[in-house]
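Here's the letter readout for the chains.
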Amino acid sequence: MSSSDHLTLRRPDDWHVHLRDGDMLRAVAPFTARQFGRAIVMPNLVPPVTTLADAVAYRRRIINALPEGGPGFQPLMTCYLTDTTDPDALAAGFADGVFTAAKLFPAGATTNSELGVTDMGKLDAVFERMTEIGMPLLIHGEVTDAEVDVFDREAVFIDKVLDPLLARVPGLKAVLEHITTADAVEYVRGQKDAREGSLGATITAHHLIINRNAIFEGGLRPHHYCLPVAKREAHRIALRQAATSGEPWFFLGTDSAPHEVGAKQAACGCAGIFSAPAALELYTQVFDEEGALGKLEGFASVYGAEFYGLPLNEGRVTLARGGPPDGEPVNVDGSGAVLPFHAGRELAWRLKTNEEERS
Ligand code: DOR
Ligand code: ZN
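Residues numbered from 1 in each chain as written. Chains lettered and ligands numbered in written order. Predicted model: local features only at pLDDT ≥ 70, side-chain atom pairs only at ≥ 80, totals over all residues. Heavy atoms only, no water.

Novice: What is the right way to read a negative patch on the surface from this model?
Specialist: Together, D149, D152, D159, D163 and D183 give the surface a local cluster of negative charge. Within the secondary structure, D183 is located in helix α6 (residues 182-190). (Patch = residues over 30% accessible without salt bridge, like charges linked within 9 Å, V, L, I, M, F, W, Y side chains within 5 Å. Areas by Shrake-Rupley, 256 points an atom, 1.4 Å probe, with all protein chains shown as cover. Salt bridge = Lys/Arg side-chain N within 4 Å of Asp/Glu carboxyl O. Lys, Arg positive; Asp, Glu negative; His and termini not counted. Charge placed at Lys NZ, Arg CZ, Asp CG, Glu CD. Helix = DSSP H or I, 4+ residues; strand = E, 2+ residues; numbered from the N terminus.)

See the structure below:
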């Protein structure tokens, strides 16, 4: 339902989020649970989530971090792939309903990826088993070779790693995560017939909003640094077109990745943009600017669930136009604060709270 200043959507899901652990988890998880029915939770903790037991324990910590256990929110767990992941153990975790997907971080590509995969060839038995059981592979799609320009790492990954992988393991259900380039948009779109919808892609709110100039605007802007790094404007435009196109292989994944302010504003600042507090509002703003509010529900609440073969959420959320400015730093017990992506930005839409909806 929509009028010019209200929009009601089926409750959306976040198909890619970093919730962290400990004090940070307690500080950030409520934002995700407030907006989304489910979230695919990234496993790049220290140490990473590599076993069924790790995932069960982490899921419990997430639920315990939420007010009243986060009724109406379901964390969906992922397994961090390493060079030695055992296909049987992975398949058992999927059969038990603990692992929804497995996450491929090329070793060294990003935060806490040191134990990730060093050689894709070593995992073919894992990928074949995942194909047999229909378990999705979630891919951080960047090569790590130091000689490859940082802005080209996604496009090179598609040519050198992803395309050969999908040719070697036909039928593998895969998500190219947080796409940042027109190359990725074209690649995913181009696979739709060959792969019968088995290749999807998530798109973050921040890659729809900033281009790479934002990282250098008047000085170095660490809160605009993430991986894959934002690209030039033509790529942002291609991402906006893809997200608002109504094509079901493109769906919502915030990649909200909080780091404490001191870890971002440092000589070697961490990669990650913390968009969770206003994620749905930011996507809504983008779809509104593109004249595509009617396409938001598919992108946010339908296509991802269909890709994963999960039922759609039953609940609804309501957004209203306008609202008071916020974007204050979020306090983290014991270690300072995290700055949300929308700090210093006008938000054109506000998610109504449950209380507001009832009144
Ligand atoms: O910017 C990023 N931050 N990209 C990733 O792939 C990982 C994430 C994190 O965990 O901080
Ligand atoms: Zn991520």
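Picking up where we left off.
Novice: What's the story with the pairing of strand β5 (residues 99-104) in this structure? I'm lost.
Specialist: Each regular strand shows side chains that alternate between the opposite faces of the sheet. The element β5 is extensively covered by neighbouring structure, given that 6 of its 6 residues are classed as buried. Pairing of strand β4 (residues 74-80) with β5 involves 4 bridges; the strand directions are parallel. Paired with Y80 across the strands is K103, a residue of β5. A crossover links β4 with its parallel partner β5, the connecting element being helix α3 (residues 87-95), and its sense is right-handed. In the sheet, β5 pairs with strand β6 (residues 137-139) via 3 bridges, with the strands oriented parallel. Bridging from a neighbouring strand, L104 pairs with I139 of β6. (Buried < 20%, exposed > 50% of the residue type's maximum accessible area, 1.4 Å probe, protein only. Pairing = 2+ DSSP bridges. Right-handed = clockwise from strand over helix to strand, strands pointing away.)

Novice: Can you help me understand the packing of α3 against helix α4 (residues 124-133) in this one?
Specialist: Two quantities define a packed helix pair, namely the angle between the helix axes and the distance between the axes. At a closest axis distance of 9 Å, the pairing of α3 and α4 adopts a crossing angle of 30 degrees. With respect to each other, α3 and α4 are oriented roughly parallel. Like other packed secondary-structure pairs, α3 and α4 cross with a definite hand, here right-handed. Taking contact as the criterion, the partners of P87, D88, L90, A91 and F94 in α3 are, on α4, A125, V126, R129, M130 and I133. For the contact of α3 with α4, the class distribution of residues is 8 nonpolar, no polar and 2 charged. (Axes fitted to C-alpha atoms, helices over the stretch in contact; angles between N-to-C directions. Parallel < 35°, antiparallel > 145°, perpendicular 65-115°, else oblique. Left-handed = near helix turned anticlockwise from the far one by under 90°. Contact = heavy atoms within 4.5 Å. Nonpolar A, V, L, I, M, F, W, Y, C, P; charged D, E, K, R; others polar.)

Novice: Just to check I follow, could you spell out the coordination of the zinc ion (ligand 2) for this structure?
Specialist: Reference values for angles at a metal are 109.5 degrees in the four-donor tetrahedral case and 90 or 180 degrees in the six-donor octahedral case. Only H16 (NE2), H18 (NE2) and D255 (OD) from the protein coordinate the zinc ion (ligand 2), and they sit 2.0 to 2.1 Å from it. Expressed as a motif, the donor residue spacing for the zinc ion (ligand 2) is H-x1-H-x236-D. Of the two residues, H18 is situated in the loop between β2 (14-17) and α1 (22-35) and D255 in the loop between β9 (250-252) and α9 (261-264); the sequence distance between them amounts to 237 residues. Like H18, the residue D255 is buried in the burial classification. (Donors = N, O, S within 2.8 Å, 3.2 Å for Na, K, Ca; no water.)

Novice: Would you mind showing me how to read the nonpolar core here?
Specialist: Buried together is how nonpolar side chains tend to be arranged in soluble globular proteins. In this structure, L81 and F127 are the most contacted members of the largest nonpolar core, which totals 87 residues. Membership of the second largest hydrophobic core comes to 15 residues, among which are W15, I40, Y80 and A305. (Core = buried A, V, L, I, M, F, W, Y, C linked by side-chain atoms within 4.5 Å.)

Novice: Would you take a moment to explain helix α8 (residues 233-243) for this structure?
Specialist: Helical geometry: 3.6 residues make up each α-helical turn, so side chains three or four residues apart lie on a common side. Buried within α8 we find H235, R236, A238, L239, R240, A242 and A243. Among the structural elements, α6, β8 (199-203), α7 (205-209), β9, α10 (279-289) and α11 (296-308) are those in contact with the buried residues of α8.

Nothing here speaks to function; it is geometry throughout.
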